[in-house]
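# Summary of the model geometry
Below are the chains, spelled out letter by letter.
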Amino acid sequence: ALDPDLDANVTYRIRTEEARELFAVNPLTGELKVLHSLDFEKLLPNRTTWTFVVEAVDGGSGKMPPGLASVTVTVL
């Protein structure tokens, strides 16, 4: 996300609650990481793909709505 303010202060969070059990996002950089090892063979046949929403919020004036992005993670 880009914030054109002089004091850019965008924060990120995973909006989809169930995704927070497996993934985390750095609130300052937006970097996404896996919280646990995801072994393809152990995930079969139940689930190898997750889709969730990450939001970016401007902490400045508070007048801008959050930016939303759909993220899909597929374990191969």
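None of the values given here were measured: they were computed from a predicted structure.

All right, on to the overall build of the protein chain then. Secondary structure summary: the protein chain contains one helix and five strands in total. What you see in the protein chain, going N to C, is helices and strands ordered as β-β-β-α-β-β. Per-residue burial over the protein chain gives 24% buried out of 76 residues. Taking contacts inside the protein chain between residues at least 6 apart in sequence as the whole, the part at least 24 apart equals 40%. In the structure as shown, the protein chain presents an accessible area of about 5600 Å², 55% of it carried by carbon and sulfur atoms.

Before going further, it helps to spend a moment on the confidence of the model for the protein chain. With 86% of its residues at a pLDDT of at least 70, the protein chain reaches an overall mean of 86. No element of the protein chain has a lower mean pLDDT than helix H1 (residues 40-43), which averages 84, and none a higher one than strand E2 (residues 23-25), which averages 97.

Below, the discussion takes up the environment of alanine 69. Of note, alanine 69 is situated in strand E5 (residues 67-74). Look at alanine 69 and you get partly exposed, because its relative accessible area is 39%. Placed 16 residues apart in sequence, alanine 69 and valine 53 show a C-alpha to C-alpha distance of 5.6 Å.

Here the focus is the packing of aromatic side chains. Inspection of every chain in the model, using the stated rule, returns two aromatic pairs. Taken together, a centroid distance of 5.9 Å and an interplanar angle of 70 degrees make the contact between phenylalanine 23 and tryptophan 50 edge-to-face. Of the two residues, phenylalanine 23 is situated in strand E2 and tryptophan 50 in strand E4 (residues 49-58); the sequence distance between them amounts to 27 residues. A residue is classified by how much of its surface remains accessible, and phenylalanine 23, at 2% relative accessible area, is buried. Between the aromatic rings of phenylalanine 23 and phenylalanine 52, the centroid separation amounts to 5.0 Å while the plane-to-plane angle is 25 degrees, which identifies the pairing as stacked. Pair noted here: phenylalanine 23 is in strand E2 and phenylalanine 52 is in strand E4, with a separation of 29 residues, a long-range link.

How each quantity is defined
Residues numbered from 1 in each chain as written. Predicted model: local features only at pLDDT ≥ 70, side-chain atom pairs only at ≥ 80, totals over all residues. Heavy atoms only, no water. Helix = DSSP H or I, 4+ residues; strand = E, 2+ residues; numbered from the N terminus. Buried < 20%, exposed > 50% of the residue type's maximum accessible area, 1.4 Å probe, protein only. Contact = heavy atoms within 4.5 Å. Areas by Shrake-Rupley, 256 points an atom, 1.4 Å probe, with all protein chains shown as cover. pLDDT = per-residue confidence, 0-100. Phe/Tyr/Trp six-rings, centres within 6.5 Å; stacked < 30°, edge-to-face > 60°.

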